[in-house]
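# Survey of secondary and tertiary structure
Spelled out, the chains give:
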Amino acid sequence: MGSGDQDIQEHMFTSQRLAVFADVQNMFYSARNYYYAKLDFGKLLSAVVRERQLIRAVAYVVETKEIDQSGFKSVIEYIGWEVKTKQLKSRPDGSTKGDWDMGIAIDAISISSKVDTIVLVTGDGDFTALVNHLKASGVRVEVHAFPKNTATELIEAATAYYPIDERLLLKK
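Attention in this report is confined to the structure presented alongside it.

Parameters at a glance
Residues numbered from 1 in each chain as written. Predicted model: local features only at pLDDT ≥ 70, side-chain atom pairs only at ≥ 80, totals over all residues. Heavy atoms only, no water. Pairing = 2+ DSSP bridges. Helix = DSSP H or I, 4+ residues; strand = E, 2+ residues; numbered from the N terminus. Right-handed = clockwise from strand over helix to strand, strands pointing away. Salt bridge = Lys/Arg side-chain N within 4 Å of Asp/Glu carboxyl O. Buried < 20%, exposed > 50% of the residue type's maximum accessible area, 1.4 Å probe, protein only. Contact = heavy atoms within 4.5 Å. Core = buried A, V, L, I, M, F, W, Y, C linked by side-chain atoms within 4.5 Å. Phe/Tyr/Trp six-rings, centres within 6.5 Å; stacked < 30°, edge-to-face > 60°. Lys NZ or Arg CZ within 6 Å of the ring centre and 35° of its normal.

## A look at the pairing of strand β4 (residues 82-87)
Both strand β3 (residues 53-63) and β4 contribute to a ladder of six bridges, which runs parallel. Following the sheet pairing, Glu63 is matched in β4 by Gln87. Considered for its hand, the β-α-β crossover made up of β3, helix α4 (residues 70-78) and β4 is right-handed.

So this is what it looks like as C-alpha cells:
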C-alpha cells in the first residue's frame, strides 16, 4: 500500500461518525464475575472512539430501590455518556425483569442512518439480530465485550469484535 492509500484510510477512519450503546448491567456483572473489578467507562469510551467523531454515547442502566447508582451516573455523564435508566420490575411470581434490549435496539436503528459505525458494548447474544439488521442497512457494527461472556454468534455477526481486557478495568 502506498503512502497515499494510507492517508486515505486514515482520513476515512478519522471522519467516521460513531454511536456507542453500552449495556451497563451486562458489563457490570461480567467485570464483577470474571475479573472481580469494575469497568472504567472513561477508558472504555476513549478506547472505542479513538480518533473518530462521537455522535452519541448512551449507557443503559437498570435501577433498583436498594442500590443508589447516582454517583456512578454522575461520573459517567461527566465523562461524556448520556445515561438512560429504568426501574427493575418485580413480577407477581417474585422473579424480576430489567433489561434494555429493546431500547438499545430502537436507539441503534433510529441513529443508524446518521452514523457510519455503531458500537455495542455487550456480550449478549440477543443482539445478534440487531447486528445483522444494522449491517444489512450498510452500517459497520463493532462489539466490545469481555471474551468469557460474549456469545459466539454475536462475535461472528459483528463487523469487528474487540475483547475488553484488564486495561479497561478500574484498579482497586
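## Here we look at the pattern of salt bridges
Applying the stated rule across the entire model yields eight salt bridges. In this structure, Glu142 and Arg50 form a salt bridge, with 3.8 Å as the shortest nitrogen-oxygen distance. One end of the pair, Glu142, is in strand β8 (residues 140-145); the other, Arg50, is in the loop between α3 (41-49) and β3, and 92 residues separate them in sequence. Here Lys84 ties to Asp107 by a salt bridge, and the two come within 2.8 Å at their closest N and O atoms. A residue pair is termed long-range when its members are at least 10 positions apart, and Lys84 in strand β4 and Asp107 in helix α5 (residues 101-111) qualify at 23 residues. With relative accessibility at 22%, the residue Lys84 sits in the partly exposed group. Residues joined by salt bridges that share partners form a network here, namely Arg50, Arg52, Arg140 and Glu142.

## What about α5?
Within the span of α5, buried status applies to Asp101, Gly103, Ile104, Ala105, Asp107, Ala108 and Ile111. The inward-facing, buried residues of α5 contact β1 (17-23), β3, β4, β7 (117-121) and α6 (128-136).

## Some details on the nonpolar core
Grouped together as the largest cluster of nonpolar side chains are 51 residues, with contacts concentrated most on Val20, Phe21, Leu39, Leu44, Trp81, Ile118 and Leu120. With six residues, the single largest contributor to this core is β3. Beyond its immediate stretch of four places on either side in the chain, Phe21 contacts Val58, Tyr60, Ile104, Asp107, Ala108, Ile111, Ile118, Val119, Leu120 and Val121.

## Quick look at the packing of aromatic side chains
Under the definition given, this model contains six aromatic pairs. Seen in terms of ring centroids, Tyr35 and Phe146 are 5.2 Å apart; in terms of plane orientation they differ by 40°. Their pairing is tilted. Residue Tyr35 is located in helix α2 (residues 24-35), and its partner Phe146 is located in the loop between β8 and α7 (152-157); the two are separated by 111 residues in the primary sequence. Each member of the pair, Tyr35 as well as Phe146, is classed as buried. Between Tyr60 and Trp100, the aromatic rings sit 5.2 Å apart at their centres with planes inclined by 55°, giving tilted as the arrangement. On the criterion of sequence distance, the pair formed by Tyr60 in strand β3 and Trp100 in the loop between β6 (96-97) and α5 is long-range, its members being 40 residues apart. Given the relative accessible area of 1%, Tyr60 is considered buried. Ring pairing ties together the aromatic residues Phe21, Tyr60 and Trp100, which thus form one cluster. When the ring centre of Trp100 is taken as reference, the NZ or CZ atom of Lys86 above it lies at 4.6 Å. Across from the ring centre of Tyr35, 5.8 Å away, lies the NZ or CZ of Lys148, which sits over that ring.

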